[in-house]
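What the coordinates show
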Amino acid sequence: MTESARDIERRYALEVFPKRDITLVRGRGAVVWDDEGRRYIDCVAGIGVASVGHANEAVADALAAQARTLVTCPGTFYNDARARLLEKLASIAPAGLTRGFLCNSGAESVEAAIKFARLTTERAGVVSAMRGFHGRTLGALSATWKKDYREAFEPLVPGFSFVPFNNAAKLRAAVGADTAAVVLEPVQGEGGIRPASAEFLRMAREVCDETGALLVFDEIQTGFCRTGRMFACEHHGVVPDMLCLAKAIAGGVPLGAVLANDRIRPPPGKHGTTFGGNPLVCAAALAAIGFMEREGLADRAEALGTRFRASFEPRMPGRVRALRQVGLMIGIELRERCRPYINALAEAGVLTLPAGTTVIRLLPPLVIREEQVDEVVAVLVRVLG
């Protein structure tokens with residue numbers, strides 16, 4: 001008898017993830033199937049990665065063509081796919097973010113931004129927000145607030161401090177002459193789908209301009225159409241000095257990026273990466289971004305998010321404390337722990353995520369169909385009720 005994937009993983013994997021007893025083997029669009037043939041509407045999407053849908057043909061074709069041409073090329077040589085991707089990113093980024101560094105993940109993007117900020121300003125301090133999440137490597141973890149993530153690895157990198165999210169006065173007071181960077185999420189993801197206010201983001205820009213600190217927006221989860229704009233900072237017209245990106249950038253292939261303005265000029269040799277910006281992932285990203293633009297996924301996320309809210313909000317069961325929604329970035333805060341309901345939703349055919357102990361998070365592929373959104377709402381109402 002053939003051994004199951006779950007048994008093999010249990011034997012060989014270092015189990016750093018709290019596993020669910022589901023083995024996913026196939027996907028198409030916003031739907032995935034397990035090894036027993038059961039169908040699920042996927043509102044996890046690889047934690048916001050599969051925005052262009054599972055098994056996207058444009059991405060698959062680009063990967064196949066590039067794999068037969070050139071897979072790897074270090075940053076010590078120029079490369080055509082990398083050059084085209086950097087040009088594309090500069091063309092869609094907020095004004096002034098014309099240069100980029102390509103890496104492998106969101107945490108690496110934040111690590112690079114912290115290093116670039118310290119190099120540029122010759123300062124050490126970094127201010128970020130309570131409830132914020134920026135990654136699990138030591139630098140990114142130092143900017144992450146939740147003690148459950150931090151305590152086992154202390155002492156972390158010195159010089160990091162936190163202010164209450166959306167408290168503009170506390171932010172102003174925390175940033176000074178020793179601050180290299182302010183690192184914020186325009187919408188906190190792991191922190192419970194909490195949008196930043198326009199006042200908070202504008203204060204961040206103002207105080208950075210006054211003190212010479214650099215403003216860094218972490219759009220690893222919000223970037224690439226998720227919130228109804230290509231980038232969430234566009235909702236308020238606040239442009240950072242650096243923009244950290246990953247997740248949806250390459251249709252599921254691992255890639256991260258830092259986009260920066262002309263103030264950031266790290267000298268050669270101070271940072272690098274072996275795999276970052278290789279031709280294979282650049283080809284995938286070009287295909288994914290092209291698909292987003294052709295299919296109008298930002299507008300689609302806004303319209304389908306509005307559809308979700310209009311359908312779910314009038315029918316919210318009593319155990320729901322609040323609904324927070326920006327595009328297709330959705331948080332349902334319960335009056336009790338969310339994990340049992342996440343498991344029940346999976347049993348009912350809808351895969352979701354936690355965002356803290358009481359918030360159910362939905363990050364479906366942006367290609368999800370209208371009738372699938374309606375199905376998700378119906379399941380939520382039934383299970384939560």
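Remember, it's a predicted structure, so these values are computed and weren't measured experimentally.

Side note on the overall build of the chain
- Counting its regular elements, the chain contains 13 helices and 17 strands.
- In terms of C-alpha radius of gyration, the chain reaches 21 Å, essentially the compact-globule figure of 21 Å for 385 residues.
- For the C-alpha atoms alone, the extent of the chain along its principal axes is close to 55 × 50 × 45 Å.
- Sequence-distant contacts in the chain: of pairs separated by 6 or more residues, those separated by 24 or more amount to 70%.
- Taken as a whole, the chain presents about 17,100 Å² of accessible surface, with 54% of it coming from carbon and sulfur.
- The positive charge centre, built from 47 side chains, and the negative charge centre, built from 43, are 2 Å apart in the chain.

Here we look at the sheet that holds strand 11 (residues 242–245)
- As summarised here, the arrangement of the 7 strands in space is 4-12-11-10-7-5-6, forming an open sheet in which the pairing is mixed. The open sheet has two edge strands, strand 4 (99–103) and strand 6 (160–163), and neither has a second partner. Across the sheet, the axes of successive neighbouring strands diverge by a mean angle of 20 degrees, strand direction being ignored.
- Both strand 10 (residues 214–218) and strand 11 contribute to a ladder of 3 bridges, which runs parallel. Across the sheet, residue D218 finds its bridge partner in strand 11, namely C244.
- Across the sheet, helix 4 (residues 80–92) lies against strand 4 and strand 12 (256–260), angled at about 125 degrees from strand 4, the strand it touches most.
- Sheet contacts for helix 9 (residues 198–211): strand 6, strand 7 (179–184) and strand 10; angle to strand 10, the most-contacted strand, approximately 150 degrees.

Structural notes on the pairing of strand 7
- The buried fraction of strand 7 amounts to 6 of the 6 residues, a majority that puts the element mostly inside the structure.
- In this sheet, strand 7 lies alongside strand 5 (residues 125–129) in parallel orientation, the contact comprising 4 bridges. Looking at the pairing, S128 lines up with V183 of strand 7.

Re the nonpolar core
- Judged by nonpolar contacts, the single largest core of 86 residues is most densely connected at L89, F224, F308, F312, I332 and I360.
- Filtering out sequence-adjacent residues up to four positions away, F308 remains in contact with E313, L323, I330, I332, L362, V373, V376, V377 and L380.
- V216, I220, C244 and A260 belong to the second largest nonpolar core, which has 25 residues in total.

Description of the side chain of D241
- With respect to the helices and strands, D241 occurs in the loop between strand 10 and strand 11.
- Accessibility expressed as a relative area gives 6% for D241, which makes it buried.
- A distance of 2.8 Å separates polar atoms of two side chains, one belonging to D241 and the other to N261.

Here we look at the state of the cysteines
- Within this structure, the stated rule accounts for 0 disulfides.
- Of all cysteine sulfurs, the one in C282 lies closest to C73, which takes part in no disulfide; the gap is 9.5 Å.
- Given a relative accessible area of 9%, C73 falls into the buried group.
- Sulfur of C208: no disulfide; nearest cysteine sulfur belongs to C244 and is 13 Å away.

What to know about a nonpolar patch on the surface
- On the surface, L14, V16 and F17 cluster together into a nonpolar patch covering about 410 Å² of accessible area.
- Residue V16 is classed as exposed on the basis of its relative accessible area, which comes to 64%.

Some details on the environment of A65
- Its place among the elements puts A65 in helix 3 (residues 57–67).
- A65 gets classed as partly exposed once you look at its relative accessible area, which sits at 45%.
- Put simply, A65 and D241 are 176 residues apart on the chain and 35 Å apart in space, counted from C-alpha to C-alpha.

Quick word on the environment of E87
- Topologically, E87 is positioned in helix 4.
- Owing to a relative accessible area of 60%, E87 belongs among the exposed residues under this scheme.
- For the pair E87 and R99, spaced 12 residues apart in sequence, the C-alpha separation works out to 8.6 Å.

Considering the packing of helix 4 against helix 10 (residues 279–295)
- Remark: helix 4 packs on helix 10, axes separated minimally by 8 Å, with the N-to-C direction vectors making an angle of 35 degrees. As for how helix 4 packs across helix 10, the hand of that crossing is left-handed. For the pair helix 4 and helix 10, contact is made by A81, R82, R84, L85, K88, L89 and I92 and by P279, C282, A285, L286, I289 and E293, respectively.
- Broken down by class, the residue content of the contact of helix 4 with helix 10 amounts to 9 nonpolar, no polar and 4 charged.

So, how was this worked out
Residues numbered from 1 in each chain as written. Predicted model: local features only at pLDDT ≥ 70, side-chain atom pairs only at ≥ 80, totals over all residues. Heavy atoms only, no water. Helix = DSSP H or I, 4+ residues; strand = E, 2+ residues; numbered from the N terminus. Rg over C-alpha atoms; globule rule 2.2 N^0.38 Å. Contact = heavy atoms within 4.5 Å. Areas by Shrake-Rupley, 256 points an atom, 1.4 Å probe, with all protein chains shown as cover. Lys, Arg positive; Asp, Glu negative; His and termini not counted. Charge placed at Lys NZ, Arg CZ, Asp CG, Glu CD. Pairing = 2+ DSSP bridges. Axes fitted to C-alpha atoms, helices over the stretch in contact; angles between N-to-C directions. Buried < 20%, exposed > 50% of the residue type's maximum accessible area, 1.4 Å probe, protein only. Core = buried A, V, L, I, M, F, W, Y, C linked by side-chain atoms within 4.5 Å. Polar contact = N/O pair within 3.5 Å; in protein donor to acceptor, adjacent residues only side chain to side chain. Disulfide = S-S within 2.5 Å. Patch = residues over 30% accessible without salt bridge, like charges linked within 9 Å, V, L, I, M, F, W, Y side chains within 5 Å. Salt bridge = Lys/Arg side-chain N within 4 Å of Asp/Glu carboxyl O. Left-handed = near helix turned anticlockwise from the far one by under 90°. Nonpolar A, V, L, I, M, F, W, Y, C, P; charged D, E, K, R; others polar.

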